[in-house]
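Residues per chain, in single letters:
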Amino acid sequence: RTGRMPNGDSGPLFGVGSYLEVSDAADLSPSTTGKFTFECWLRPDVLDFRDGESDSGYVYWMGKGEPTQFEYAGRMYSTTSPGEVNDRRNRISAYGWVPSGGLGTGAYFQDLITAGQWIHVVVIFNLETREDWPLGSVEIWRDGVRRQKVSMTEYDTVMVAGTAPLRIGTRNMGS
């Protein structure tokens, strides 16, 4: 399926069960390139996700990772996120992980989101170390404005290249 992008061009539409998969390559891993940027136009047509990651309240809109080789992903939380993630309603975030997964270092913005509205998202992983960023950083931008930059020391996140494919529309087929 295709739809109209904000500039009028045609682009792919992803829904439940649809995704694009790109085979693993060194250029897709922040740990091999030192810096890695991805950007996309998101247009969520629904804000309550019935096909989310188990009872988490979120869906992955892209990512690279599978068990024992997690790297990074983009998430969006449902308007009605359950339990402990109630304070993350409508949050759009990007995370980097150590290969085993668990808690990852993430940057986010949390705004009122309107179904059917286009949002331009840019995520930058910079793993070049400096005194003030000893493990590097992750940052997220919305519509041309940097919203957050977080040190990878937040959870001592040392990213490692894995062999998982990059998927757009999901990360590991769970949402």
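Predicted model only: the values in this text are computed from it and were never measured.

Conventions and cut-offs
Residues numbered from 1 in each chain as written. Predicted model: local features only at pLDDT ≥ 70, side-chain atom pairs only at ≥ 80, totals over all residues. Heavy atoms only, no water. 1 Å grid on protein atoms, 1.4 Å probe; cavity = no way out; pocket = protein on both sides within 12 Å on 5 of 7 lines; lining within 4 Å. Points joined across faces, edges and corners; volume = space filled by probe spheres on them. Helix = DSSP H or I, 4+ residues; strand = E, 2+ residues; numbered from the N terminus. Phe/Tyr/Trp six-rings, centres within 6.5 Å; stacked < 30°, edge-to-face > 60°. Buried < 20%, exposed > 50% of the residue type's maximum accessible area, 1.4 Å probe, protein only. Pairing = 2+ DSSP bridges. Axes fitted to C-alpha atoms, helices over the stretch in contact; angles between N-to-C directions. Core = buried A, V, L, I, M, F, W, Y, C linked by side-chain atoms within 4.5 Å. Contact = heavy atoms within 4.5 Å. Salt bridge = Lys/Arg side-chain N within 4 Å of Asp/Glu carboxyl O.

1. Some points on the layout of surface pockets
Volume-wise, the largest pocket comes out at about 1,200 Å³. Around the largest pocket, the lining comprises 38 residues; the ones closest to its centre are Phe-14, Gly-15, Arg-43, Trp-61 and Gly-169. Top element by residues in the lining of the largest pocket is strand β4 (residues 35-42). It accounts for 6 residues. Lining the second largest pocket are 19 residues; nearest its centre among them are Arg-75, Arg-88, Tyr-95, Leu-103 and Gly-104. Counting only elements with at least two residues in the lining of the second largest pocket, the list comes to β6 (72-77), β7 (91-96), β8 (105-110) and β11 (145-151).

2. A look at the packing of aromatic side chains
Applying the stated criterion across every chain yields a total of 11 aromatic pairs. Ring centres of Phe-38 and Trp-61 lie 6.0 Å apart, and the angle between their planes is 70°; on these two criteria the pair is classed as edge-to-face. With Phe-38 in strand β4 and Trp-61 in strand β5 (residues 58-64), the pair connects residues that are 23 residues apart, well separated along the chain. Each of the two residues, Phe-38 as well as Trp-61, counts as buried.

3. So, the sheet that holds β4
Strands sit in the order β4-β9-β10-β11 across an open sheet of 4 strands; the sheet is antiparallel. Of all strands in the sheet, those with a lone pairing partner are β4 and β11, marking the two edges. Here the average twist between neighbouring strands, direction ignored, is 15°. As judged from the 6 bridges shared by strand β10 (residues 137-142) and β11, these two strands associate in the antiparallel manner. Residue pairing for β11: Ser-137 is matched across the bridge by Ser-151.

4. Quick look at the nonpolar core
Counting 28 residues, the largest nonpolar core has Phe-38, Trp-61, Tyr-72, Ile-92, Val-121, Val-123 and Phe-125 as the members making the most contacts within it. Listed by contribution, the elements that provide at least two residues to this core are β4, β5, β6, β7, β8, β9 (119-126) and β10. With near-sequence residues (within four places) excluded, Phe-38 lies in contact with Trp-61, Met-62, Tyr-72, Ala-94, Val-121, Val-122, Val-123 and Phe-125. The next biggest cluster of nonpolar side chains, apart from the first, holds 7 residues, and it includes Tyr-58, Tyr-60, Phe-70 and Tyr-77.

5. Overview of the sheet that holds β7
Read from one edge of the open sheet, 6 strands run β3-β12-β5-β6-β7-β8, paired in antiparallel fashion. In the strand order of this sheet, the two ends are held by β3 (20-22) and β8, each with one partner. Here the strands of the sheet are splayed against their neighbours by 20° on average, with no regard to which way each runs. In this structure, β5 lies alongside strand β12 (residues 166-168), joined through 3 bridges in antiparallel fashion. Looking at the pairing, Met-62 lines up with Ile-168 of β12.

6. Comments concerning the pattern of salt bridges
Charged atoms that come close allow side chains of opposite charge to pair. For the structure shown, the criterion picks out 11 salt bridges. Here Arg-43 makes a salt bridge to Asp-45, at a shortest N to O gap of 3.0 Å. On the basis of relative accessibility, which here comes to 47%, the residue Asp-45 falls in the partly exposed class. A salt bridge links Arg-167 to Glu-66, with the shortest nitrogen-to-oxygen separation between them at 2.9 Å. One end of the pair, Arg-167, is in strand β12; the other, Glu-66, is in the loop between β5 and β6, and 101 residues separate them in sequence. A relative accessible area of 6% places Arg-167 in the buried class. Ionic contacts of the salt-bridge type, sharing partners, join the residues Asp-111, Arg-142, Asp-143 and Arg-147 into one network.

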